[in-house]
Amino acid sequence: MSQKPTIMIPGSEKGVRVESRVLEERIQKAVADGHRRIEIIAQGQHGIGGRLWQAGAEKILLRVLGTSGQRVGAMGFPSTVIDVVGPASDDVGWLNAGAQITIRGNATNGAGNAMAQGKIFVAGDIGARGMTMTKHNPRFEPPELWILGGVGDSFAEFMAGGVAVVCGIGAQQEENILGYRPCVGMVGGKIFFRGPHQGYSEHDARLTTPDDEEWHWLTSRMPAFLDAIGRRDLLALLTEDRGAWQLLVARKPYEKTGAAGRSIGRFHGEVWDKELGKGGLIGDLTDQDMSTVEVITTGNLRRFVPLWENAKYLPPCQANCPTGIPVQKRWELIRKGKMQEAVDLALEYTPFPATVCGYLCPNLCMQGCTRQKADLPAVDTALLGRASLQATAPEPAPATGRKIAVIGGGAAGLSAAWQLRMKGHEAVIHDARKKLGGKITETIPTSRIPDEVVNHELKRMEEVIPHKYLKHPLTEEEFRNLYAKYDIVVVATGARKGRKIPVPGHERAVAALEFLRESKLDRAKVGKNVVIIGAGNVGCDAAAEAARLGARSVTLIDIQQPASFGPERKHAEAAGAKFLWPRFTKQITEKAVELTDGTALPADTVIMAVGDQPDLSFLPEEIKTERGFIAVNERFRTSDPKVYAVGDAVRLGLLTEAIGSGRVAARAIDDLLRGREDACNPIPAIVDTERVHLEYYDPRLPAFTDAATCAAGCASCGACRDCGLCETLCPQNAISRRALEGDEYEYVVDADRCIGCGFCASSCPCGIWRLTENDPME
């Protein structure tokens, strides 16, 4: 992002102080808009400069003029640099997570309270309870508090980590620069100080002088502190006399007790059994030996053993995708810099990766994304879908000489034809319409998908499947001719007949599919008031189109809570459509839709969107049907072993479900023609998402904007990302990475080292490791 010039944000408007919350919102907006240099004219507002996460790793320079309130830089981020031109109020740098904060004057109570990272530079004194309850994560630099003057009472109380430097220059209490009772409860960290003091908590800290390493640390960092507060002139005074500096260091636990450590065995005998009796809490129930196990077991003696179950289970995204696209594998390829391979991979599963995955699918994969368990946004598969427009078709397998007739050129039929062609068979498409695509090209509004996207993917498909017969009406006689001519027949005629509720006046209504067809051809007309009976996704498409055609009022009614969702529902709501339920239609008149509750909805145009059904008049009687749909088995074979049926002709569903049915049927047909019937591999179980740890992912990211960030944010459920964390964390060094052929690898466990502690399983981001009970010894 190109940086914008310095922006000034005033703390008052027309003489009235701006609320702290409002000022923070304006600062956050300035950062989001690209400003990286910001000046604040403060009027006592709290929390200035905290939580500025939207800049990512880009540095933000925040200059605070005027009077700052409490908690300047509270929860500050590593990319934030704050310069307060003057003194500061309480709790400077509270919970600081990495910001550098400079106070060009005194700071009052609580400076650096509970900070975990970052630096605070104070050009004067600080008040009471500075540097209290700090902590230090060894993965990062310790927090630092530098004070030119002295500190107030209770300094470093319950300090658990970090470094404080008290220079004693110009301190108000020259005779006691550390204040009253410093270091009470101190358990970690160090305090460098220069000047007199009047004692400290000797129980919690010990006094020493800096060794060579500590002195180097102090003198190497002193210039940055002095430069920040504008006092470089003091460098020689503060670094030439090593003897002037002293050091307070937290005592170790054994130092505080004054006794050597006690073994578990001694603790059992001297404390546990003494207080609770022999055997402890269950001593009256068992006389089992409860003495300490002298050896931590390995090998066959381990109670638990870790198993590396890489790619053994399906990730939720792939399991939720009816087409079976390996979404996770595609993100992995992008992480490896193989973007083209990632987009090409989709064409092994669907001929419509951009049209459906990028625009029309409700993205069931995203609905199942594990990240949502931790309120993180799902990885945006639609971004990858749209990028797949430029995918390159795979090379088909060698020709087998087998010919399959695919009746229907919609999503299911084209999916089956595409997969059959990839397997080396000649697929010939027969369709009654003059253009392939089915509902995609015939009824789905162009507001939901650009025509050029659909046309591009249809052109790519026709280059792979050149054999097609369009405007080819189908009769039973024609079906029997195709049956005799081809090795296999696939029926994918869809559900093109709109249903109507047989209420009085139903002939005045138009079926939703017919309305959408006419609208797509720019031949549909609507009145001022439109009522749509049925508030599913098709009804929502009709509502959006009615609004586009000029309707002033669009109302959808349903007998239950509408089942519509996804982009269709959003488009209808954006068009101003109203949803009413439960509502039951009594009759349709020339001017209204009358309901059973006695109300009448004004209606110049009535559209029925209560479901569709297939036209199976061409189907021979020997092919069984059920409730108006073709009956099939789990591999989409009909009662005739030479005929398969897919898509809406079998059951109504989503486009992705139609594509998935075509893929399954093509696999079954290929198995049949090659003499390996029932060779379909069983679907693996879904990975237990409780094994996936989401703490490693940035919770501040509100949404994904490109494929690269999506790939980085994918939790890779059940598939190893080769992070090496298990190998690093194993306390026994029992895990190692073994390179296999090509880019393959595996992580293996040395049973003679492994103690079955489970660190690998509890820390693995992707849920690869599973801790299970060891096989019992004979």
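Thresholds, definitions, all that
Residues numbered from 1 in each chain as written. Predicted model: local features only at pLDDT ≥ 70, side-chain atom pairs only at ≥ 80, totals over all residues. Heavy atoms only, no water. Pairing = 2+ DSSP bridges. Helix = DSSP H or I, 4+ residues; strand = E, 2+ residues; numbered from the N terminus. Axes fitted to C-alpha atoms, helices over the stretch in contact; angles between N-to-C directions. Contact = heavy atoms within 4.5 Å.

Draft legend 1. Layout of the sheet that holds strand S24 (residues 585–588). On the basis of which strands lie adjacent, the open sheet formed by three strands has the order S24-S25-S26 and antiparallel pairing. Strands with a single pairing partner mark the edges of an open sheet, and in this sheet they are S24 and strand S26 (600–602). Pairs of neighbouring strands in the sheet enclose a mean axial angle of 20°, with direction left out of account. In terms of strand pairing, S24 meets strand S25 (residues 592–595) through three bridges, oriented antiparallel. Bridge pairing in S25 places Thr585 opposite Leu595.

Draft legend 2. A look at the sheet that holds strand S4 (residues 37–43). Strand order in the open sheet formed by 11 strands is S1-S4-S5-S6-S7-S8-S9-S10-S11-S13-S12, and the pairing between neighbours is mixed. The strands lining the two open edges of the sheet, one partner per strand, are strand S1 (7–10) and strand S12 (205–208). On average, each strand axis in the sheet is inclined to that of its neighbour by 15°, with strand direction left out of account. Pairing of strand S11 (residues 188–194) with strand S13 (residues 245–250), which is carried by five bridges, proceeds in the antiparallel orientation. Looking across to S13, one finds that Arg194 is bridged to Trp245. Along the sheet face, helix H1 (residues 20–32) touches S1, S4 and strand S5 (60–67) and points at about 170° away from the line of S1. Along the sheet face, helix H2 (residues 212–229) touches strand S7 (97–103), strand S8 (117–122), strand S9 (144–147), strand S10 (160–166), S11 and S13 and points at about 65° away from the line of S9.

Draft legend 3. Broad picture of unusual backbone geometry. The linkage connecting Trp581 with the following residue, Pro582, adopts the cis geometry, with an omega of -10°. Here Pro582 shows up in the loop between strand S23 (578–580) and S24. In this model, Ser154 sits at a positive phi of 55°, which is unusual for a non-glycine residue. Checked against the element boundaries, Ser154 lands in the loop between S9 and S10.

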